[in-house]
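Letter by letter, the chains look like this.
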Amino acid sequence: MSDAPLLEVKDLRVEFPTRRGTLVALDGVSFSIAPGEVLGVVGESGAGKSMTGAAIIGLLEPPGRIAGGEIRLNGRRIDNLPYEQMRRVRGREIGAIFQDPLTTLNPLYTVGHQLIETMRTHLDLSAAEARARAISWLEMVGIPAAAQRVDSYPHEFSGGMRQRVVIALALCAEPKLVVADEPTTALDVSIQAQVIALLKRLAREKGTSMMLVTHDMGVIAETADRVAVMYAGRIAEIGPVREVVKHPKHPYTAGLMASIPPLDRKVEHLAQIEGAMPRLSAIPKGCAFNPRCPKVFDRCRHERPDLMDTGATHAACWLYDKVENYA
Amino acid sequence: MFAFIVSRLLQAIPVMLVVALISFAMFAYVGDPVAIMLGQDFTEAQRAKLVQDLGLDQPFFVQFLKFVANAAQGEFGLSYRLSRPVAELIAERAPATLELAFCAAGLALVVGVPMGVYTGLYRNSWLSRLFLTFSLIGVSLPTFLIGILLILVFSVWLGWLPSFGRGEVVQLGWWSTGFLTWSGIKALILPSITLGLFQLTLIMRLVRAEMLEVLRTDYIKFARARGLGNRAVHFGHALKNTLVPVITIAGLQLGAIIAFAIVTETVFQWPGMGLLFIQSVGVADIPVMAAYLMLIAAVFVTINLVVDLLYYAVDPRLRVDRGVARGH
């Protein structure tokens, strides 16, 4: 991994103007992804994981909009590009994989048509070349008899096969980064592992970086190099997967890890975090996690913590404020 | 595919039989043909002879079977009013109605679909709002009023277009067409607008609603995420997915345009089947009414068949015989 990050997100803020005031969906989100790196993003529903992905590919659902911060790809700012220029970035430089393969493919076109159309939008290929590549992409993602199946319609494939097609579509214009938004959530458990293995293998072979959004810690542990834990639109903790899983620093991460049932011993009750994540319209002052935090102290209720160095990871928690602790 | 067409045609048979039954019932229950044909002055012997000639003394189902057999050959008897074969009368009038209906339907599609796409894509622009307001007028104003207003403006005040009739027509075999003369084309304009306006606004609103729906789907989001251009996303991916419901409605509306051109034809004194029908209703000319009813039913059945075939062309999921989802 070289030093210059491929993707750099700095202080990203996403707002949703509504009739009853502006909701802040993402606030001060910063992270980077190095070339070839897989960054996992976990968190509860509504924590802003998918929103971050949507902001990066420039497809936030209106009226959501980026209200602050910047997103850089290879050093070039992409969060403020005009629509037409951003369109050329999508697919070509950043590929996207969505959650539900049953709905992400257009039912009226063959998979080959959709692959060829994507490649010819971004690459200078003749129709015959694009078709040959479409077939080889289908082979690469493990679709048997690809030369025949290239002319099949999406409804002629099973869910797992369709997600393989979606992966081929996301990668076929050879982007440097793939944003995968819960790519296995809608699949059967038995298929999930296959699809994740495929994604991991292709990313390694092509040297593609990946932002893997999921709420499945197992998938993260198996696939990602680093992981970002999100809570209420902010990053709670970010660091190497091993560290975050084994030695979580942020009390929220610790709670999250404790709630995963261990396989090696029997437990009477699963640990759980009391309460629920706040709604966007009622994010508490100070640290968003403070009403649920077992280690809360006065400062957490008034001041908002930024990411702080905890040694192996970075956590947004006042427990790790060195200046204060050494004072 | 062939099996599908055959099965559809078989399904059409009961529909046509029911319509035939209703048409036939009119002979029995609307007025007395014998009284109409005999006039004021007759003897009992004359009456009995006529009843026998017409076959009215035979059992009901025998009469009905005869009617169906004749109808199947396009034979509907003589018009009470004009004493000419009904089939001939309708063949004479059909070109006028069909030309008008196709112009109106063409106008509705050619203008309605693009307007629907535009209002779906740019739903907050002032032009979209204007289209929507205009469509409200089209939906709410009755046809005859639109016709009369158009006549007032374009025929009476401006004097640009004729207010009635087909203009000069050219005979091509048995088909008389207004497309080949300038006056024929001019005469088509106002009635086509009158007849097509409601369908135009309906199609526009339908396309708009479908576009809004489709633009929210995941595959459109994914198409954008793949970096496809706006043209490909809007027309290649979005519009094509709106077509199935649009084809359904457009097909039914074409049927409706042909069947219910009556009002427009009356307003513009258009020499078509609708005008013939309304004149026949006035004097209870039952053979003409029965034939018209059967013809309209046949039109609807045919259009439904064409619509079903178009579904197949548009939506691969319906081509079941090509293969069910295979395992992974």
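Residues numbered from 1 in each chain as written. Chains lettered and ligands numbered in written order. Predicted model: local features only at pLDDT ≥ 70, side-chain atom pairs only at ≥ 80, totals over all residues. Heavy atoms only, no water.

**Some thoughts on the packing of helix H6 (residues 126–140) of chain B against helix H8 (residues 182–215) of chain B**
Residues and elements named next belong to chain B. Taken N-terminus to C-terminus, the directions of H6 and H8 make an angle of 135°; their axes are 8 Å apart at the nearest point. Relative to H8, H6 is oriented oblique. Crossing geometry of H6 relative to H8 is assigned as left-handed. Across the interface between the two elements, Phe131, Leu132, Phe134, Ser135, Leu136, Gly138 and Val139 of H6 pack against Leu197, Phe198, Leu200, Thr201, Met204, Arg205 and Arg208 of H8. Considered class by class, the residues forming the contact of H6 with H8 number nine nonpolar, three polar and two charged. (Axes fitted to C-alpha atoms, helices over the stretch in contact; angles between N-to-C directions. Helix = DSSP H or I, 4+ residues; strand = E, 2+ residues; numbered from the N terminus. Parallel < 35°, antiparallel > 145°, perpendicular 65-115°, else oblique. Left-handed = near helix turned anticlockwise from the far one by under 90°. Contact = heavy atoms within 4.5 Å. Nonpolar A, V, L, I, M, F, W, Y, C, P; charged D, E, K, R; others polar.)

**Some thoughts on unusual backbone geometry**
What you tend to see is this: most non-glycine residues have negative phi, and most peptide bonds are trans. Residue and element names in this part refer to chain A. Residue Pro63 is reached from Pro62 by a cis peptide bond, and omega for that bond is 5°. By secondary structure assignment, the location of Pro63 is in the loop between helix H1 (49–56) and strand S4 (65–73). Not every positive phi belongs to a glycine, and Asp11 is a case in point at roughly 50°. For Asp11, the location among the structural elements is in strand S1 (residues 7–18).

**Some words on empty space enclosed by the protein**
All names here are of chain A. Counted by the stated rule, this structure contains three cavities of 30 Å³ or more. Roughly 70 Å³ of internal volume is contained in the largest cavity. In this structure, the largest cavity is lined by His250, Pro251, Cys287, Phe289, Asn290, Cys293, Lys295, Phe297, Cys300, Cys317, Trp318 and Leu319. Of the residues that constitute the lining of the largest cavity, the class distribution is nine nonpolar, two polar and one charged. (1 Å grid on protein atoms, 1.4 Å probe; cavity = no way out; pocket = protein on both sides within 12 Å on 5 of 7 lines; lining within 4 Å. Points joined across faces, edges and corners; volume = space filled by probe spheres on them.)

**Points about the pairing of strand S9 (residues 226–231) of chain A**
When a strand is regular, its side chains alternate between the sheet's two faces. All names here are of chain A. Of all six residues making up S9, five are buried, and the element is well covered by its neighbours. Sheet topology note: the strand S3 (residues 38–42)/S9 ladder contains four bridges and is parallel. The partner of Leu39 across the bridge, within S9, is Arg226. Bridge count between S9 and strand S10 (residues 234–240): six bridges; the pairing is antiparallel. Its bridge partner being in S10, Met230 is matched across the sheet by Ile235. Here S9 folds back onto S10, and the loop between the two strands holds two residues, one of which, Ala232, carries a positive phi near 50°. (Buried < 20%, exposed > 50% of the residue type's maximum accessible area, 1.4 Å probe, protein only. Pairing = 2+ DSSP bridges.)

**Quick notes on the interface of chain A and chain B**
Residue-level contacts link 33 residues of chain A with 26 residues of chain B. Taking both partners together, chain A and chain B bury about 2,900 Å²; carbon and sulfur atoms supply 57% of that area. Between Glu61 of chain A and Lys221 of chain B there is a salt bridge, with the nearest N and O atoms lying 3.7 Å from each other. Summed over the shared surface of chain A and chain B, the number is 15 residue pairs in polar contact (both at pLDDT 80 or more). When the residues that make up the side of chain A that touches chain B are grouped by side-chain class, the tally is 16 nonpolar, ten polar and seven charged. (Buried area = accessible area lost by both parts, 1.4 Å probe. Salt bridge = Lys/Arg side-chain N within 4 Å of Asp/Glu carboxyl O. Polar contact = N/O pair within 3.5 Å; in protein donor to acceptor, adjacent residues only side chain to side chain.)

The values reported here are purely geometric and, on their own, carry no functional implication.
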